Amino acid sequence: MLMYFTIRHIIPADWLNDRDQFLFPNDGWKKDMEFQLNCLIFALFHNQNRISCAHGVNHFIPYTESEVDAKEEFASHFLSDFLSGKAKAKKMENGIFTTDASAVETLRTTSLQFGETAKSVLNAGKELWKYYHTMEDANPNASLYDIKEFFQGRNDKGKMNATSDDPVYTGLLNELKTALRALCEEIKPKVYEYGFLK
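**Q** Looking at this structure, I do not really get the nonpolar core. What am I missing?
**A** Most often, soluble globular proteins keep nonpolar side chains buried together rather than apart. In terms of nonpolar packing, the biggest core is built from 50 residues, with Phe-35, Ile-41 and Phe-45 touching the most fellow members. Among the elements of the structure, α1 (2-10), α2 (33-45), α4 (78-83), α6 (116-132), α7 (144-152) and α8 (167-193) are those that each provide at least two residues to this core. With 10 residues, α8 is the largest single contributor of residues to this core. Beyond its immediate chain neighbours, meaning those up to four positions away, Phe-35 contacts Met-3, Ile-7, Trp-29, Ile-187, Lys-190, Tyr-194 and Phe-196.

Set out below in structure tokens:
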């Protein structure tokens, strides 16, 4: 799902491509672990990712407590374990979501190797999380969406404000957006190469 989320948001709609159809891709993406991991990182940090600890346990914290100097333990370590190669995919047999056996085996036996661009997104995000955890009333289980809401606040209609008065937060968020744009440019050609769009 994170790949389709990425592909849906990575190509901005304009008058030339607005009616492009999303297609069933060729099998090339299945063996391209860098593409898959880039899509994962893009989806985690994209502006439209609205995961929030307000709706239950946040399983999508990409860092450990020690990496971001959190004052309390996180409720879930699922994503940080997965990204560090500690949580391996379980082999699925005869299920309706069965995936290519070789891809599953690759995930089970290989530690995740991120490209430099994906690493820069993770590092920029880590600095933002670290800064958030210096705040007195920081929620240890906050997602990126929660962090943005914390610093940007909401207007009287309940909509999140577009900016923040905190210059450090604004600088860190801009660094994250810059790194994310670079990752976007790395993913775009493969969207067409693998046939997700034509």
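**Q** Looking at this structure, how should I read the pattern of salt bridges?
**A** Side chains that differ in sign of charge can pair as their charged atoms come close. In total, this model carries 7 salt bridges according to the counting rule given. Between Lys-126 and Glu-67 there is a salt bridge whose closest N-O contact spans 3.9 Å. You can see Lys-126 sitting in helix α6 and its partner Glu-67 sitting in helix α3 (residues 65-68), a full 59 residues away along the chain. On the accessibility criterion, Glu-67 (30% relative accessible area) is partly exposed. One salt bridge connects Arg-154 with Glu-149, and the closest N-O pair in it is separated by 2.5 Å.

**Q** Looking at this structure, I do not really get the packing of α1 against α8. What am I missing?
**A** If you want to describe how two helices pack, look at the angle between their axes and the distance between the axes. At a closest axis distance of 10 Å, the pairing of α1 and α8 adopts a crossing angle of 100 degrees. Here α1 is positioned roughly perpendicular relative to α8, judged by the angle of their axes. Between α1 and α8, the residues in contact are Thr-6, Ile-7 and Ile-10 and Cys-184, Ile-187, Lys-188 and Val-191, respectively. Residues belonging to the contact of α1 with α8 are distributed by class as follows: 5 nonpolar, 1 polar and 1 charged.

**Q** How do you make sense of the layout of surface pockets when you look at a structure like this?
**A** The probe, sized like a water molecule, is rolled over the atoms to show the empty space still left. Put simply, the second largest pocket is a space of about 570 Å³. Lining the second largest pocket we find 28 residues, and of these His-46, Asn-47, Lys-148, Leu-173 and Lys-177 sit closest to its centre. Within the residue set of the lining of the second largest pocket, elements represented by two or more residues are α1, α2, α7 and α8. The dominant element in the lining of the second largest pocket, judged by the number of residues it contributes, is α8, at 9 residues. Grouping the amino acids of the lining of the second largest pocket by side-chain chemistry returns 12 nonpolar, 10 polar and 6 charged.

**Q** Explanation requested: α6 in the structure shown.
**A** Every α-helix carries 3.6 residues per turn, so stepping three or four residues along brings you back to the same face. Spanning 17 residues, α6 covers 24 Å between terminal C-alpha atoms, matching the ideal 24 Å at 1.5 Å per step. Among the residues of α6, those classed as buried are Thr-117, Ala-118, Val-121, Leu-122, Ala-124, Gly-125, Leu-128, Trp-129, Tyr-131 and Tyr-132. Among the structural elements, α2, α3, α4, α7 and α8 are those in contact with the buried residues of α6.

Basis of the calculations
- Residues numbered from 1 in each chain as written.
- Predicted model: local features only at pLDDT ≥ 70, side-chain atom pairs only at ≥ 80, totals over all residues.
- Heavy atoms only, no water.
- Core = buried A, V, L, I, M, F, W, Y, C linked by side-chain atoms within 4.5 Å.
- Buried < 20%, exposed > 50% of the residue type's maximum accessible area, 1.4 Å probe, protein only.
- Helix = DSSP H or I, 4+ residues; strand = E, 2+ residues; numbered from the N terminus.
- Contact = heavy atoms within 4.5 Å.
- Salt bridge = Lys/Arg side-chain N within 4 Å of Asp/Glu carboxyl O.
- Axes fitted to C-alpha atoms, helices over the stretch in contact; angles between N-to-C directions.
- Parallel < 35°, antiparallel > 145°, perpendicular 65-115°, else oblique.
- Nonpolar A, V, L, I, M, F, W, Y, C, P; charged D, E, K, R; others polar.
- 1 Å grid on protein atoms, 1.4 Å probe; cavity = no way out; pocket = protein on both sides within 12 Å on 5 of 7 lines; lining within 4 Å.
- Points joined across faces, edges and corners; volume = space filled by probe spheres on them.
- Expected span 1.5 Å × (residues − 1).

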